[in-house]
Amino acid sequence: MRVHHIGYAVMDIEKTSAVFEKLGYAGGAIAEDELRKVRIRFLRNGSECVELVAPLAEDAPIKTTLKNMRGATPYHICYCTGDIEAECLTLRKLGWVQTEKPAPAPAIGGRKVVFLYHKDAGLIELVED
């Protein structure tokens, strides 16, 4: 699997975008993902990509990450896979816990994504390419 992006939990996409833009990143439009209750913006610097993820609602799960970390923080790495279902099965056999079913993500053109957690490695996301 290759890295697609690093996800950052942020409170304010516009403020954090300005910080990353000073580091040479440029981004696209902000997308809303109502299923996950977040606003998302991807920023690129050459082949490197970061995803800024901010709460869309008061009960957005990302708020827990922001509270626990006391502010903006990287919190997941996303990997590309050709077959998300098969990759989930393989990872589950290796001790990863799937936190949700694969579902379309509006910010990535509706491609399927899924999150998995491992107590010794943290949170990862898979995106089907």
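Everything that follows concerns the structure shown earlier in this document.
Structural notes, computed from the coordinates. (Residues numbered from 1 in each chain as written. Predicted model: local features only at pLDDT ≥ 70, side-chain atom pairs only at ≥ 80, totals over all residues. Heavy atoms only, no water.)

1. Let's talk about the overall build of the chain
When you go through the chain residue by residue, the secondary structure sums to three helices and 10 strands. When the helices and strands of the chain are listed from N to C terminus, the series reads β-α-β-β-β-β-α-β-α-β-β-β-β. With 129 residues in all, the chain has 42% of them scored as buried. Considering only contacts in the chain between residues 6 or more positions apart, those separated by 24 or more positions represent 51%. Total accessible area on the chain is roughly 7,300 Å²; 54% of this is exposed by carbon and sulfur atoms. A gap of 4 Å separates the mean positions of the 17 positive and 18 negative side-chain charges of the chain. (Helix = DSSP H or I, 4+ residues; strand = E, 2+ residues; numbered from the N terminus. Buried < 20%, exposed > 50% of the residue type's maximum accessible area, 1.4 Å probe, protein only. Contact = heavy atoms within 4.5 Å. Areas by Shrake-Rupley, 256 points an atom, 1.4 Å probe, with all protein chains shown as cover. Lys, Arg positive; Asp, Glu negative; His and termini not counted. Charge placed at Lys NZ, Arg CZ, Asp CG, Glu CD.)

2. A word on a nonpolar patch on the surface
On the surface, a cluster of nonpolar side chains totalling about 210 Å² of accessible area is made up of Val3, Ile6 and Ile77. Relative to the assigned elements, Ile77 resides in strand β6 (residues 73–81). Overall, Ile77 belongs to the partly exposed group, its relative accessible area being 32%. (Patch = residues over 30% accessible without salt bridge, like charges linked within 9 Å, V, L, I, M, F, W, Y side chains within 5 Å. Salt bridge = Lys/Arg side-chain N within 4 Å of Asp/Glu carboxyl O.)

3. What about unusual backbone geometry?
Despite not being glycine, Lys37 shows a phi value in the positive range, around 60 degrees. Within the element layout of this structure, Lys37 appears in the loop between β3 (31–33) and β4 (38–45). The phi dihedral of Arg70 falls on the positive side, at around 60 degrees, and the residue is not glycine. For Arg70, the location among the structural elements is in the loop between α2 (62–69) and β6.

4. Considerations on the pattern of salt bridges
Scanning the entire structure with this criterion turns up eight salt bridges. For Arg2, the salt bridge goes to Asp129, with nearest N and O atoms at 4.0 Å. Remark: Asp129 occurs in the segment after β10 (122–128) and Arg2 occurs in strand β1 (residues 2–9); sequence separation between them is 127 residues. Put simply, Asp120 and Lys119 hold a salt bridge, and the shortest N to O gap is 3.6 Å. Within the structure, one salt-bridge network assembled from shared partners comprises Asp33, Arg36 and Glu100.

5. Structural notes on the side chain of Thr73
By secondary structure assignment, the location of Thr73 is in strand β6. Beyond its immediate chain neighbours, meaning those up to four positions away, Thr73 contacts Gly7, Tyr8, Ala9 and Thr65.

6. Quick word on the state of the cysteines
Tallied over the full model, the rule gives zero disulfides. Not part of a disulfide, Cys49 finds its nearest cysteine sulfur in Cys78, a span of 8.9 Å. No disulfide involves Cys88; its sulfur sits 11 Å from that of Cys78, the nearest cysteine. (Disulfide = S-S within 2.5 Å.)

Shape descriptors only; they carry no functional weight alone.
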